[in-house]
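Observations on chain architecture
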Amino acid sequence: TLSTAAALPVLTKLQHDCATPLPLLRNIADNMAADMRAGLAVDGGSDLKMILSYVDSLPTGHERGLFYALDLGGTNFRVLRTQLGGRDERVIDTEFEQVSIPQDLMSGTSDELFDFIASALAKFVKKEGGKFVLPNGRSRETGFTFSFPVKQTSIDSGILIKWTKGFSVSGTPGKDIVACLNEAMGRQGLDMRVSALVNDTVATLAGARYWDDDVMVAVILGTGTNACYVESVEAIPKLQGRKSTYGKTIINTEWGAFSNGLPLTEYDRAMDAESINPGEQLYEKTISGMYLGEIVRRVLVRMAETGSLFGKHIPEKLQTPFALGTPNISSMQQDTSEDLEAVGSILYEATGVDSNLDARKMVVEVCDTIAKRGGRLAGAGIVGILQKMEEDSKGVVFGKRMVVAMDGGLYEHYPQYKRYLKNAVAELLGPELSSHVVIEHSKDGSGIGAALLAATNSIYE
Ligand code: ADP
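Worth saying up front: this structure is predicted, and the values here are computed from it rather than measured. (Residues numbered from 1 in each chain as written. Predicted model: local features only at pLDDT ≥ 70, side-chain atom pairs only at ≥ 80, totals over all residues. Heavy atoms only, no water.)

**Quick notes on the overall build of the chain**
Check the secondary structure of the chain and you find 15 helices and 13 strands. For the chain, the C-alpha radius of gyration of 23 Å lies close to 23 Å, the compact-globule estimate for 461 residues. Across the 461 residues that make up the chain, the buried fraction comes to 57%. Taking the contacts inside the chain whose residues are at least 6 apart along the sequence as the reference set, 72% of them involve residues at least 24 apart. A total accessible area of about 18,900 Å² is found for the chain, and carbon and sulfur atoms account for 51% of it. Charge-centre separation for the chain: the mean point of 46 positive side chains lies 2 Å from the mean point of 58 negative side chains. (Helix = DSSP H or I, 4+ residues; strand = E, 2+ residues; numbered from the N terminus. Rg over C-alpha atoms; globule rule 2.2 N^0.38 Å. Buried < 20%, exposed > 50% of the residue type's maximum accessible area, 1.4 Å probe, protein only. Contact = heavy atoms within 4.5 Å. Areas by Shrake-Rupley, 256 points an atom, 1.4 Å probe, with all protein chains shown as cover. Lys, Arg positive; Asp, Glu negative; His and termini not counted. Charge placed at Lys NZ, Arg CZ, Asp CG, Glu CD.)

The structure is reproduced here in structure tokens:
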């Protein structure tokens, strides 16, 4: 029909601008490896912060005892306890609860927020029983997953740089958040101490490593994205002699800030310019769940304007930023019906447009183009990490089994994206090397991972 024909050049240009042929992916992997190296050399040396996690030992499976985990990263926080039974009994039991943070506390004072958290934790601890036992004379220990920018100063301390994600709590920035929590627990009369302060990616790596000794890398692809990996201390010049007993440590790459060589379109540039952090997190903005749907929406607006893809009228909803979510574009790609009925109804629900079959087909093409670019770029980033590890010590990653633990709603729920990611890794590595690289979903490993890190960093061991 006339309408789709007029929108076709927009699609063609999009596909051209988003193309990720093998040489481009190779360049991304090389740049990722080089940026990692630069970030390890000196603080501020690259887009990648390459943050020291102070996690020098990972779970082995031998951990024993009762450990807690506390996860604060958004509008909910989760508390968990687990009873570990060592090599044979493994995880004897786990319980968790999720508590939502009242809106007013997100912009209140530090003490109010931490008192609320500590009091919820105290209530959870009161219900401890059954298979959960704390040896006499010991305090409870918890891991603390805190997904805000922190300048970590040791495994159990870190200074909050700033609140993000809608939090604007006064009095915390510049303070040690572990101290804030420990003091609040004290005020609640709760006998518990924070043994490990960790980033969620690091917790995911720990959680996956507990079950599989070959896990060396963890990647989160959810609303945002991040990756961490096991690094040798000799490969970290900026460490300046700080010793790790084990010779290894976990580096939190903060790879969402990567930007070198990305194939960006006019839609990406406009979205970035209007974002709260222009020029920042460009890799995150091309590969993570918060943005994929929004990029598609911007393309559809262009198609509607220049090609009348959905008729003369352009609904207000289609013009509303973030009206189309990544779950929407993923659902549209799962529609295998002949008339693409689900595509039509999702489009109508989310953006208010009416569509005929040709328009729907074109929309699916747009979704696929954006998911393909995202998945393939994410795959190239993973290969960049593996390359960097291999360059420093030949044989650590290539030629034997090695596992990349993946988590996050995007990876979990978007099958096309996941396939593109895996295909890119296989293309880049070739059949021989990629046969040893296992990309494995580690669902919700981060909760138990933080408890495991409390165990490996226990003051009683
Ligand atoms: P978060 O990253 O917010 O901590 P998750 O790991 O659960 O939490 O990821 C949630 C994100 O995953 C959502 O913001 C969305 O972008 C993406 N997502 C959720 N469901 C789907 C889906 N069905 N298809 C594609 N992406 C999804």
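**A few points about the domain arrangement of the chain**
In many reports, interface size means the accessible area that the parts give up when they come together. For the chain, the domain assignment lists domain 1 (1-53 + 212-444) and domain 2 (54-198). For domain 1 and domain 2, the distance between their C-alpha centroids amounts to 31 Å. In this assembly, 12 residues from domain 1 lie in contact with nine residues from domain 2. Contact between domain 1 and domain 2 buries roughly 890 Å² in total, counting both sides, with carbon and sulfur atoms accounting for 46%. Inspection of the domain 1/domain 2 interface yields four residue pairs in polar contact (both at pLDDT 80 or more). Classifying every residue of the side of domain 1 that touches domain 2 gives four nonpolar, three polar and five charged. (Domains from an automatic or database assignment. Buried area = accessible area lost by both parts, 1.4 Å probe. Polar contact = N/O pair within 3.5 Å; in protein donor to acceptor, adjacent residues only side chain to side chain. Nonpolar A, V, L, I, M, F, W, Y, C, P; charged D, E, K, R; others polar.)

**Here we look at helix α9 (residues 289-307)**
In an α-helix, one turn spans 3.6 residues; hence positions three or four apart end up facing the same way. When the terminal C-alpha atoms of α9 are compared, their 27 Å separation across 19 residues agrees well with the 27 Å that a helix rising 1.5 Å per residue should span. Extensive coverage of α9 is indicated by the burial of 15 of its 19 residues. (Expected span 1.5 Å × (residues − 1).)

**Describing the state of the cysteines**
For the structure shown, the criterion picks out zero disulfides. Distance from the sulfur of Cys 367, which forms no disulfide, to the nearest cysteine sulfur (Cys 18) is 12 Å. Residue classification places Cys 367 among the buried residues on the basis of a relative accessible area of 0%. (Disulfide = S-S within 2.5 Å.)

**Focus on the side chain of Gln 387**
Note on placement: Gln 387 falls in helix α12 (residues 357-392). Within polar-contact distance, the side chain of Gln 387 engages the side chain of Asp 30 at 2.8 Å. Other than its neighbours up to four places away in sequence, Gln 387 contacts Ala 29, Asp 30, Ala 33 and Phe 398.

**Here we look at the sheet that holds strand β8 (residues 192-198)**
Across the sheet, five strands lie side by side as β4-β3-β2-β5-β8; this open sheet has mixed pairing. The two strands at the open ends of the sheet, each matched to only one other strand, are β4 (91-100) and β8. Each strand axis lies, on average, 20 degrees off the axis of its neighbour in the sheet, ignoring direction. As paired elements, strand β2 (residues 64-72) and strand β5 (residues 140-146) share five bridges and run parallel to each other. Bridge pairing in β5 places Asp 71 opposite Thr 145. Here helix α4 (residues 110-126) sits on the sheet in contact with β2, β3 (76-85), β4, β5 and β8, set at roughly 40 degrees to β3. Lying on the sheet, helix α5 (residues 177-187) is in contact with β2, β5 and β8; it crosses β8 at an angle near 160 degrees. (Pairing = 2+ DSSP bridges. Axes fitted to C-alpha atoms, helices over the stretch in contact; angles between N-to-C directions.)

**Notes on helix α15 (residues 445-456)**
Compared with an ideal rise of 1.5 Å per residue, which puts 12 residues at 16 Å, α15 spans 16 Å between its outermost C-alpha atoms and is within 8% of the ideal. With 12 of its 12 residues buried, α15 lies for the most part within the structure.

**Describing the packing of aromatic side chains**
Counted according to the given criterion, the structure contains 12 aromatic pairs. With a centroid separation of 5.0 Å and an interplanar angle of 55 degrees, the aromatic rings of Phe 146 and Phe 148 are classed as tilted. Take Phe 148: its relative accessible area is 6%, and that puts it in the buried class. Plain terms: the ring middles of Trp 163 and Phe 167 are 5.4 Å apart, the flat faces sit at 20 degrees to each other, and that makes the pair stacked. Residue classification places Trp 163 among the buried residues on the basis of a relative accessible area of 10%. Through a chain of ring-to-ring contacts, three or more aromatic side chains come together here, namely Phe 144, Phe 146, Phe 148, Trp 163 and Phe 167. Residue placement shows Arg 78 over the ring face of Phe 96; its charged tip is 4.7 Å from the ring centre. (Phe/Tyr/Trp six-rings, centres within 6.5 Å; stacked < 30°, edge-to-face > 60°. Lys NZ or Arg CZ within 6 Å of the ring centre and 35° of its normal.)

**Let's talk about the site of the ligand**
Lining the immediate surroundings of the ligand are Gly 222, Thr 223, Gly 289, Met 290, Thr 326, Pro 327, Ser 330, Gly 408, Gly 409, Leu 410, His 413 and Tyr 414. For the ligand, an oxygen atom lies 2.5 Å from a polar atom in the side chain of Thr 223. Take Gly 409: an N or O atom from its main chain is 2.9 Å from an oxygen atom of the ligand. Protein coverage of the free-state accessible area of the ligand, which is 570 Å², stands at 59%. (Near = heavy atom within 4 Å.)

**Considerations on the sheet that holds strand β9 (residues 215-221)**
Read from one edge of the open sheet, six strands run β1-β11-β10-β9-β12-β13, paired in mixed fashion. The sheet is open, and its two edges are formed by β1 (51-52) and β13 (437-441), each paired on a single side. Sheet topology note: the strand β10 (residues 225-232)/strand β11 (residues 248-252) ladder contains five bridges and is antiparallel. Note on β11: the bridge partner recorded for Ser 232 is Lys 248. Packing against the sheet, helix α6 (residues 200-211) makes contact with β9, β10, β11 and β12 (402-407), and its axis sits at approximately 135 degrees to β9.

**Notes on the pattern of salt bridges**
Per the counting criterion, the structure on display carries 23 salt bridges. Between Asp 214 and Arg 401 there is a salt bridge, with the nearest N and O atoms lying 2.8 Å from each other. Of the two residues, Asp 214 sits in the loop between α6 and β9 while Arg 401 sits in the loop between α12 and β12, which places them 187 residues apart along the sequence. We classify Asp 214 as partly exposed; its relative accessible area is 28%. For Arg 401, a relative accessible area of 36% puts it in the partly exposed group. For Asp 272, the salt bridge identified is with Lys 285, shortest N-O distance 2.7 Å. On the criterion of sequence distance, the pair formed by Asp 272 in helix α7 (residues 266-273) and Lys 285 in helix α8 (residues 282-287) is long-range, its members being 13 residues apart. (Salt bridge = Lys/Arg side-chain N within 4 Å of Asp/Glu carboxyl O.)

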